[in-house]
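Inside the fold
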Amino acid sequence: MNSESSPSASANGRRSYRRWIVGAVLLVLFGSVMWTVINPYRNQPYEEVPHGDHVHYVPKDRNENVPIGQFPTRPPNAGERLTPDGDIVPESRSN
């Protein structure tokens with residue numbers, strides 16, 4: 001009887017296969033989490049920043065001198081945008 005056809009060799013092969021699957025799933029999960037951390041805006045012009053029991057909407061070009069608490073707690077509607085200082089204005093209006 002050779003070792004390749006023994007039951008223990010078959011069990012080890014299945015364990016190895018399962019390890020590769022678990023490793024691949026964990027790698028995809030880790031990659032997804034890292035993409036969210038690296039790219040917080042996810043194709044949006046603003047980021048949702050949790051602040052206590054509510055969320056503030058902060059634009060990509062945020063003025064770092066303005067505290068998070070001064071940004072709105074609702075996202076801009078269609079035809080509106082966030083200014084770097086935290087105001088919601090019509091899209092046609094410039095800074």
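None of these values were measured; they are calculated from a predicted model. (Residues numbered from 1 in each chain as written. Predicted model: local features only at pLDDT ≥ 70, side-chain atom pairs only at ≥ 80, totals over all residues. Heavy atoms only, no water.)

What follows is about the overall build of the chain. The number of helices and strands found in the chain is one helix and four strands. Listing each helix as α and each strand as β along the chain from the N terminus yields α-β-β-β-β. When each of the 95 residues of the chain is scored for burial, the buried share is 20%. When contacts within the chain are restricted to residue pairs at least 6 apart in sequence, those whose partners lie at least 24 apart make up 8%. About 7500 Å² of surface is accessible on the chain, with carbon and sulfur atoms providing 56% of the total. (Helix = DSSP H or I, 4+ residues; strand = E, 2+ residues; numbered from the N terminus. Buried < 20%, exposed > 50% of the residue type's maximum accessible area, 1.4 Å probe, protein only. Contact = heavy atoms within 4.5 Å. Areas by Shrake-Rupley, 256 points an atom, 1.4 Å probe, with all protein chains shown as cover.)

Time to look at the pattern of salt bridges. Once their charged atoms are close, side chains differing in charge can pair, the charge on each being opposite to the other. Tallying each qualifying case throughout the model produces two salt bridges. Residue Arg 62 is joined to Glu 64 by a salt bridge in which the shortest nitrogen-to-oxygen separation is 3.7 Å. Its relative accessible area of 21% is what places Arg 62 among the partly exposed residues. Note on Glu 64: relative accessible area 61%, which makes it exposed. (Salt bridge = Lys/Arg side-chain N within 4 Å of Asp/Glu carboxyl O.)

A cluster of like positive charges, contributed by Arg 14, Arg 15, Arg 18 and Arg 19, occupies part of the molecular surface. Relative to the helices and strands, Arg 18 resides in helix H1 (residues 7-38). (Patch = residues over 30% accessible without salt bridge, like charges linked within 9 Å, V, L, I, M, F, W, Y side chains within 5 Å. Lys, Arg positive; Asp, Glu negative; His and termini not counted. Charge placed at Lys NZ, Arg CZ, Asp CG, Glu CD.)

Next up on the list: the pairing of strand E2 (residues 54-59). The pairing of strand E1 (residues 46-51) with E2 spans six bridges and is classified as antiparallel. Bridged to Tyr 46 within E2 is Pro 59. Taking the residues that link successive antiparallel strands as the turn, the E1-E2 hairpin has two residues, and the phi of Gly 52 there is positive, at about 75°. (Pairing = 2+ DSSP bridges.)

Geometry only, nothing functional implied.
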